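These are the residues of each chain, in order.
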Amino acid sequence: MVRAVRHCLPLRLILPRASSNLAQPARYPAPMTDPELEAAWAAVHEATPEGWDVGQPMEHPERNEWSMFAFDPSATPVVGKRSREWTAVGPTELRCVQTMAYCLRELREGRWPK
């Protein structure tokens, strides 16, 4: 079952710690090799309303689900809560990204996703 939940999550940028061993190459995410996941991300990019930011999916093994966050940075947050934000949740990374694409399409069209 896929569900989309609208709630406020703290948004933090997590940067890697400075390494004392500068000889090691930087680690970047591996390129996508799953065509379905690549298509789902293409749908997210196509559906994202102008000006919105979309985060990367995060796995929550304790809840056996994935979630990702999108928001409109032009919306002024009131005590950490934004008026235009969305969290998509799915049982797998693929379903989470697909759900976010659907939700962003609905938001772009002026409808609130169900």
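Throughout what follows, the structure given in this document is the object of discussion. All values reported here derive from a predicted model rather than from experimental measurement.

Overview of the overall build of the protein
Counting secondary structure elements, the protein contains two helices and five strands. Counting helices and strands in the order they occur from the N terminus, the protein gives β-α-β-β-β-β-α. Counting all 114 residues of the protein, 32% fall into the buried class. Taking all contacts inside the protein whose residues are at least 6 apart in sequence as the whole, residues at least 24 apart take part in 54%. Within the structure as shown, the protein displays about 8,400 Å² of accessible surface, and the carbon and sulfur contribution to it stands at 55%.

Looking at the pattern of salt bridges
A complete count under the given rule lists five salt bridges for this structure. With a closest N to O distance of 3.6 Å, R63 and E62 form a salt bridge. As a salt-bridge pair, R108 and E109 come within 3.7 Å of each other at their nearest N and O atoms. On the basis of relative accessibility, which here comes to 47%, the residue E109 falls in the partly exposed class. Through salt bridges that share partners, E62, R63 and E65 make up one connected network.

Reading the values: rules and limits
- Residues numbered from 1 in each chain as written.
- Predicted model: local features only at pLDDT ≥ 70, side-chain atom pairs only at ≥ 80, totals over all residues.
- Heavy atoms only, no water.
- Helix = DSSP H or I, 4+ residues; strand = E, 2+ residues; numbered from the N terminus.
- Buried < 20%, exposed > 50% of the residue type's maximum accessible area, 1.4 Å probe, protein only.
- Contact = heavy atoms within 4.5 Å.
- Areas by Shrake-Rupley, 256 points an atom, 1.4 Å probe, with all protein chains shown as cover.
- Salt bridge = Lys/Arg side-chain N within 4 Å of Asp/Glu carboxyl O.

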